[in-house]
Amino acid sequence: MFGRALTSVAWGVVAELYGRKPVIILGTITVVIFNSLFGLSVNFWMTVSTRFLLGSLKGFLGPIKAYAAEIFREEHQSGL
């Protein structure tokens, strides 16, 4: 969560510059890699660092929300 809080604005800028699709693909790949590394952690600091990197490199949440808001009609969206 801390890593995501630090880098979410930067990922939004990257998504605007290069497009949402590359950011979503890169985010999905990093989730697979760092969740696997997290599962294979052998000590506490490896666990902490992989979770931080996972949060920092998981920049696809904002672009996915923006993409979903564009493609779905307003009556199918939540009121949040």
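To start, this report covers the structure provided alongside it.

Comments concerning the overall build of the chain
Looking only at helices and strands, the chain features four helices and zero strands. When the helices and strands of the chain are listed from N to C terminus, the series reads α-α-α-α. Relative to the globule expectation of 12 Å for 80 residues, the C-alpha radius of gyration of the chain, 15 Å, shows a markedly less compact shape. Here the C-alpha coordinates of the chain stretch approximately 50 × 25 × 20 Å along the principal axes. Taken over 80 residues, the chain has a buried fraction of 20%.

Description of the packing of aromatic side chains
Counted by the stated rule, this structure contains two aromatic pairs. Between the aromatic rings of F2 and F52, the centroid separation amounts to 6.2 Å while the plane-to-plane angle is 35°, which identifies the pairing as tilted. Note that F2 is positioned in helix 1 (residues 2-18) and F52 in helix 3 (residues 44-57), a separation of 50 residues in sequence. With relative accessibility at 36%, the residue F52 sits in the partly exposed group. Between the NZ or CZ atom of R51 and the centre of the ring of F38, over which it lies, the distance is 5.0 Å.

Some remarks on the packing of helix 1 against helix 3
Where helix 1 meets helix 3, the axes come as close as 7 Å, and the angle between the chain directions of the two elements is 25°. Between helix 1 and helix 3, the angle is such that the two are roughly parallel. Regarding helix 1 and helix 3, the two cross each other, and that crossing is right-handed. Here helix 1 contributes F2, G3, R4, L6, T7 and W11 to the contact with helix 3, which in turn contributes F52, G55, S56 and L57. Of the residues assigned to the contact of helix 1 with helix 3, the class counts are five nonpolar, four polar and one charged.

A look at the pattern of salt bridges
Within this structure, the stated rule accounts for one salt bridge. When the shortest N-O distance is used, the salt bridge between R20 and E70 registers 3.0 Å. Residue R20 is located in helix 2 (residues 20-39), and its partner E70 is located in helix 4 (residues 61-71); the two are separated by 50 residues in the primary sequence. Residue R20 is classed as partly exposed on the basis of its relative accessible area of 24%.

The rules we used
- Residues numbered from 1 in each chain as written.
- Predicted model: local features only at pLDDT ≥ 70, side-chain atom pairs only at ≥ 80, totals over all residues.
- Heavy atoms only, no water.
- Helix = DSSP H or I, 4+ residues; strand = E, 2+ residues; numbered from the N terminus.
- Rg over C-alpha atoms; globule rule 2.2 N^0.38 Å.
- Buried < 20%, exposed > 50% of the residue type's maximum accessible area, 1.4 Å probe, protein only.
- Phe/Tyr/Trp six-rings, centres within 6.5 Å; stacked < 30°, edge-to-face > 60°.
- Lys NZ or Arg CZ within 6 Å of the ring centre and 35° of its normal.
- Axes fitted to C-alpha atoms, helices over the stretch in contact; angles between N-to-C directions.
- Parallel < 35°, antiparallel > 145°, perpendicular 65-115°, else oblique.
- Left-handed = near helix turned anticlockwise from the far one by under 90°.
- Contact = heavy atoms within 4.5 Å.
- Nonpolar A, V, L, I, M, F, W, Y, C, P; charged D, E, K, R; others polar.
- Salt bridge = Lys/Arg side-chain N within 4 Å of Asp/Glu carboxyl O.

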